[in-house]
Protein chains: 2
Amino acid sequence: MVAHSKCNRCMDRLCMHKVPILSSLDKEDLKKIMKLIRHHEYEKGEMLLFDKDAMNSVVIINEGTAKAYKNTPDGREQILYIFSEGDFFGEQNLFSNQAATYSVQALQPVKTCNLYRDQFQELLYKYPEIAVKIIGELGNRMTRLENALQSIGVRNVDNRIGSILLEFAQKYGTRDRMGTIIHLPFSREGVANYLGVARETVSRKFSQLENDGIIQSLNNKEILIPDMNKIEAIAGTN
Amino acid sequence: MVAHSKCNRCMDRLCMHKVPILSSLDKEDLKKIMKLIRHHEYEKGEMLLFDKDAMNSVVIINEGTAKAYKNTPDGREQILYIFSEGDFFGEQNLFSNQAATYSVQALQPVKTCNLYRDQFQELLYKYPEIAVKIIGELGNRMTRLENALQSIGVRNVDNRIGSILLEFAQKYGTRDRMGTIIHLPFSREGVANYLGVARETVSRKFSQLENDGIIQSLNNKEILIPDMNKIEAIAGTN
DNA sequence: CGGACCATTGATAATTGTCAAAATTCGTGG
DNA sequence: CCACGAATTTTGACAATTATCAATGGTCCG
């Protein structure tokens, strides 16, 4: 295998073509930028970022998933995002020297592409399209946060459980003739920390849903949903 | 008063100089853009935007405050943002045709400056600095949302009350030799909808804090805080 | 001064958190 | 491929917190 062909393979398999925000670059520039990118790999459970640490790069997830979370005053962790292929973080620190506002930990083996802040900034000034795409992506993420805030503000936990099942079905669900199978990105404790409730409460709610025949627990990380309409009914009008 | 001088006065008093995202424009361009801007006024209680409505402009708040909120399945409203002078909304819809994701209602008399989507887009391509500023501003707003999500995920309502008091002290507080006076942007019901708890719970918690000598209610919308450190202690480690 | 609106307080019910024990699942190594 | 131990999850009982409903008390404004 020649070095050059390996390099092309890189370009296809690494960040470039996976990351929407870079997809407007032409081949020439892609090559230039490729040289600036540093790669990192993390094992499951490893930390990609600690809350309050200084940051100097924008990190793009190339493979795997990671959770972003904050530690709450009462000692839990509140999960904010689940990053997967093509997502990025560190952009908040692009134009200020503020420290990280959350921690990021790998949920699976993760590969990242990192770009130093200064270099990324240059990119933005050179390609307004990239900035425009980032604005669009940040908009999506904000909408997600706004929904989460609405959802977590709902006092009825049943609604919240319904919402999270809908969300996960969209992101991690596969269709089957039995129904929809959700591959949960994390354990029950993760679900609890995403919802902002106690682990045991999640267990109880899931058990109840299983008794009612609305979901079926295949194993700790897979759930079968025969009829998605019933979940929507539980989630309420969203 | 001559028309021309009035116009200059406009430039000073209207959006241009109040809005950080436009402040990088030179005078020439400011003038051009001024012609594109349409102004609106709203009375207290009037709606600036309805959730799920189509949008075609970016709206910049020039005077007054407004709340952005979503209706929850259980019939409450969850407040997401309090917009004041210099804040903007509608940017999510800049590059997609998605409908509004929240409602916006005036808390006081409000004046806005509106820019049509297409025209705003052109601005972004012409001035990458504006896009960069918007990214920065969106980053700030996301950080605020992330904090809110963390805060509301905390099961201990006392912590949450503490957090909101800290936040409001920063945004709406004035120093006094008696301590800090917070001018609440809205009623108890508003506070409750911001926190995601029942109105009565807010009353009870405030009463309790007053009994403990930590706050002093001057009237329905003003609170005196003699010692901010005690509030920080209640909010917990943030 | 009066009326409408908003805030407070009380009593009770419902929900969820907490702690502890039992059951299940998962991964590893034989 | 099975078995074992560790980790995670489920379940139960109880305590704590908050929502709800209803009535009272205040405040603001014309």
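Residues numbered from 1 in each chain as written. Chains lettered and ligands numbered in written order. Predicted model: local features only at pLDDT ≥ 70, side-chain atom pairs only at ≥ 80, totals over all residues. Heavy atoms only, no water.

Draft legend 1. Seen up close, the side chain of A:R76. When you line up the elements, A:R76 lands in the loop between strand 4 (66–71) and strand 5 (77–83). Look past the residues within four positions of A:R76 in its chain and what remains in contact with it is A:K70, A:N71, A:N193, A:G196, A:V197, B:G153, B:V154 and B:R155. (Helix = DSSP H or I, 4+ residues; strand = E, 2+ residues; numbered from the N terminus. Contact = heavy atoms within 4.5 Å.)

Draft legend 2. Local environment of the confidence of the model for chain A. Residues and elements named next belong to chain A. Confidence in the prediction for chain A averages 86 pLDDT; 92% of positions are at 70 or higher. Confidence, expressed as mean pLDDT per element, reaches its minimum in chain A at helix 1 (residues 3–13) with 46 and its maximum at helix 8 (residues 199–211) with 95. When the criterion is pLDDT under 50, residues 1–9 qualifies, and its contacts beyond four places in sequence or with other chains add up to 2 contacts. (pLDDT = per-residue confidence, 0-100.)

Draft legend 3. Seen up close, the environment of B:M142. By secondary structure assignment, the location of B:M142 is in helix 5 (residues 128–153). Excluding residues that lie within four positions of it along the chain, B:M142 makes contacts with A:Y81, A:L138, A:R141, A:M142 and A:L145.

Draft legend 4. How the structure looks around the pairing of strand 7 (residues 103–106) of chain A. Residue and element names in this part refer to chain A. Of the two faces of strand 7, the one lined by S103 and Q105 and the one lined by V104 and A106 are each fully buried. Here strand 4 pairs with strand 7 via 4 bridges, running antiparallel. By the bridge assignment, A68 is partnered in strand 7 with V104. (Buried < 20%, exposed > 50% of the residue type's maximum accessible area, 1.4 Å probe, protein only. Pairing = 2+ DSSP bridges.)

Draft legend 5. Molecular detail of the protein's contact with DNA strand C. Around DNA strand C lies a shell of 18 residues, among which A:V157, A:T201, A:R204, B:S203 and B:S207 are the nearest. Among the atoms of DNA strand C lying within 4 Å of the protein, the sugar-phosphate backbone contributes 66%. Here A:T201 contributes a side-chain N or O atom positioned 2.2 Å from a phosphate oxygen of DNA strand C. Breaking the surface near DNA strand C down by element, the ones donating at least two residues are helix 8 of chain A together with helix 7 (188–195) and helix 8 (199–211) of chain B. In terms of residue class, the surface near DNA strand C is built from 3 nonpolar, 7 polar and 8 charged. (Near = heavy atom within 4 Å. Polar contact = N/O pair within 3.5 Å; in protein donor to acceptor, adjacent residues only side chain to side chain. Nonpolar A, V, L, I, M, F, W, Y, C, P; charged D, E, K, R; others polar.)

Draft legend 6. Spotlight on the interface of chain B and chain A. Of the residues lining the interface, 47 residues belong to chain B; the matching set on chain A comes to 47 residues. Between chain B and chain A, roughly 4,200 Å² of surface is buried when both sides are summed, and carbon and sulfur atoms account for 70% of that area. At the boundary of chain B with chain A, the tally comes to 0 salt bridges. Listing elements by their share of the side of chain B that touches chain A, those giving two or more residues are strand 4 (66–71), strand 5 (77–83), helix 4 (117–126) and helix 5 of chain B. (Buried area = accessible area lost by both parts, 1.4 Å probe. Salt bridge = Lys/Arg side-chain N within 4 Å of Asp/Glu carboxyl O.)

Draft legend 7. Molecular detail of the sheet that holds strand 10 (residues 179–183) of chain A. Residue and element names in this part refer to chain A. The strand order across the open sheet built from 4 strands is 9-10-12-11, with neighbouring strands paired in antiparallel fashion. With one partner strand each, in any of the chains shown, strand 9 (173–176) and strand 11 (216–219) form the two edges of the open sheet. If you compare each strand with its neighbour and ignore which way they point, the axes differ by 25° on average. The pairing of strand 11 with strand 12 (residues 222–225) spans 3 bridges and is antiparallel. Counterpart to Q216 in the pairing with strand 12 is L224. Across the face of the sheet, helix 6 (residues 157–172) comes into contact with strand 9, strand 10 and strand 12 while running at roughly 90° to strand 10. (Axes fitted to C-alpha atoms, helices over the stretch in contact; angles between N-to-C directions.)

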